[in-house]
Amino acid sequence: MKVLLLLGLVAVALADITRFEGEKVFRLKPVLDEHVTLIKELAKSIEVDFWSPESAELVSIDMDVDIRVPAMYLDMVFTFLQQNDMKIEVLIEDLQSAVDAQADNKPSPRAHSYTKYNNWDKVESWIASISSSNSDLISKQVIGNTYEGRPMTLLKLGRKSSSTKPAIFMDCGIHAREWISPAFCQWFVKEALSTYGRDAQMTSLLDEMDVFVLPVLNVDGYDYTHKSNRMWRKTRSRRSGSSCVGADPNRNFDAGWCTVGASNNPCSDIFCGYKIESEIEAKNVADFIRRNKSIIKAYLTVHSYSQLLLFPYAYTYELSATHSELLKVAEGASAALRSLYGTRYTSGPAAATIYPAAGGSDDWAHDLGVKYSYTFELRDTGRYGFLLPESQIKPTCEETMLAVKYIASYVQKNL
Ligand code: ARG
Ligand code: ZN
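Cut-offs applied
- Residues numbered from 1 in each chain as written.
- Chains lettered and ligands numbered in written order.
- Predicted model: local features only at pLDDT ≥ 70, side-chain atom pairs only at ≥ 80, totals over all residues.
- Heavy atoms only, no water.
- Buried < 20%, exposed > 50% of the residue type's maximum accessible area, 1.4 Å probe, protein only.
- Helix = DSSP H or I, 4+ residues; strand = E, 2+ residues; numbered from the N terminus.
- Pairing = 2+ DSSP bridges.
- Axes fitted to C-alpha atoms, helices over the stretch in contact; angles between N-to-C directions.
- Contact = heavy atoms within 4.5 Å.

Peer 1: Can you break down the pairing of strand β7 (residues 167-172) residue by residue, with the values?
Peer 2: Most of β7 sits inside the fold, with six of its six residues counted as buried. A two-sided burial pattern is seen for β7, the buried positions comprising A167, F169 and D171 on one face and I168, M170 and C172 on the other. Pairing between β7 and strand β8 (residues 210-214): five bridges, direction parallel. Paired with M170 across the bridge in β8 is V213. Pairing of β7 with strand β9 (residues 296-304), which is carried by six bridges, proceeds in the parallel orientation. For I168, the partnering residue across the bridge sits in β9 and is A298.

Here's what the structure looks like:
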């Protein structure tokens, strides 16, 4: 027992895992221009991790601002904000406890599970086994490797056909810490396979169309959140001249690149990268979609948290030429989602609904010609944020299935 404990300690030390003892997550409510200025100043003077929006640059008036504050700055931040009459709510009292509580620690087989947050090793072996045991409905292909050399394996779901079928592309895990997202892609694949032939809509969808699913886009980052830092967002690319690692893959696409809501500071969590598609993960996805743009009819990308269903544009306040149709479909999908457990989603164009931000995959796909382009921000609205408990994986995935199926069926009817 002692030896095991010692080995455990050594493993943790070697893995150099970041801990969050005493850290808190606050929700600030800036209702005056001065409040916004203060938040931005605060961000300059101490290291604050922005959860929502994802960076100080994105903060504006009347927005809920969720920030993670290191233990040593708590008193200072609290006094500072209260002196300036800003409303503060404590979302998470002790972040390390929340991290520890995220997994339901029932004695569990260390195997893959649809109701757990699987690490990359488990997702990788799941990809291998699910695609080999259902070869009539699913196939896999590697669309490239990540910066650290891990394969990006894309699953293709659909009944085999001699002619090329129209398709839907969906990716999860573009941001590393949004763990509910890859959990949803895995759930989707399972549901598609197990309801084909039983559920009329799924059967018809997979008969007529193919669904490409990329279970984890930012594999390196996802692996890093399991092994080193649970709060990591970006890729893990390095470049000489900067000690800061990674870029935001959802600021790295060719859509008004780095003009708004993105940063050219490599240390920022919304760093747009050194150039368009500098991040190999973004490039691999973009290359695949470009090669297949004649068949791809919808692009879905899954994030967390905030319960939103967003569509273009984010890089401009201008509305898409197909705005009213995109909105109508989003509202239908949100209603379908809500019908199951009453979970409320807000839908709208990203710039006006959250904040303007350039370089996103949704805008890029839309401008390439993929009309139905949607970004999901899954549960919750901040109670747990990125640390959504495993007990919510099932209900979250079930309700999200209804929204995705709603969009898919609309697309299918309007081919
Ligand atoms: N929270 C997401 C992000 O910051 C929102 C994505 C919306 N679309 C966009 N192109 N910004 O990436
Ligand atoms: Zn995200």
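The discussion continues.
Peer 1: Outline the sheet that holds strand β10 (residues 308-311), supporting the account with residue identities and numerical values.
Peer 2: An order of β5-β6-β8-β7-β9-β12-β10-β11 is seen for the eight strands of this open sheet, with the pairing classed as mixed. Edge positions in the open sheet fall to β5 (138-145) and β11 (346-349), since each of these has one partner strand only. In this sheet, neighbouring strand axes are inclined to one another by 20° on average, regardless of whether the strands run parallel or antiparallel. Pairing of strand β6 (residues 151-157) with β8 involves three bridges; the strand directions are antiparallel. Paired with L155 across the two strands is V213, which belongs to β8. Strands β5 and β6 of the sheet are contacted by helix α5 (residues 120-133), whose axis makes an angle of about 40° with β6.

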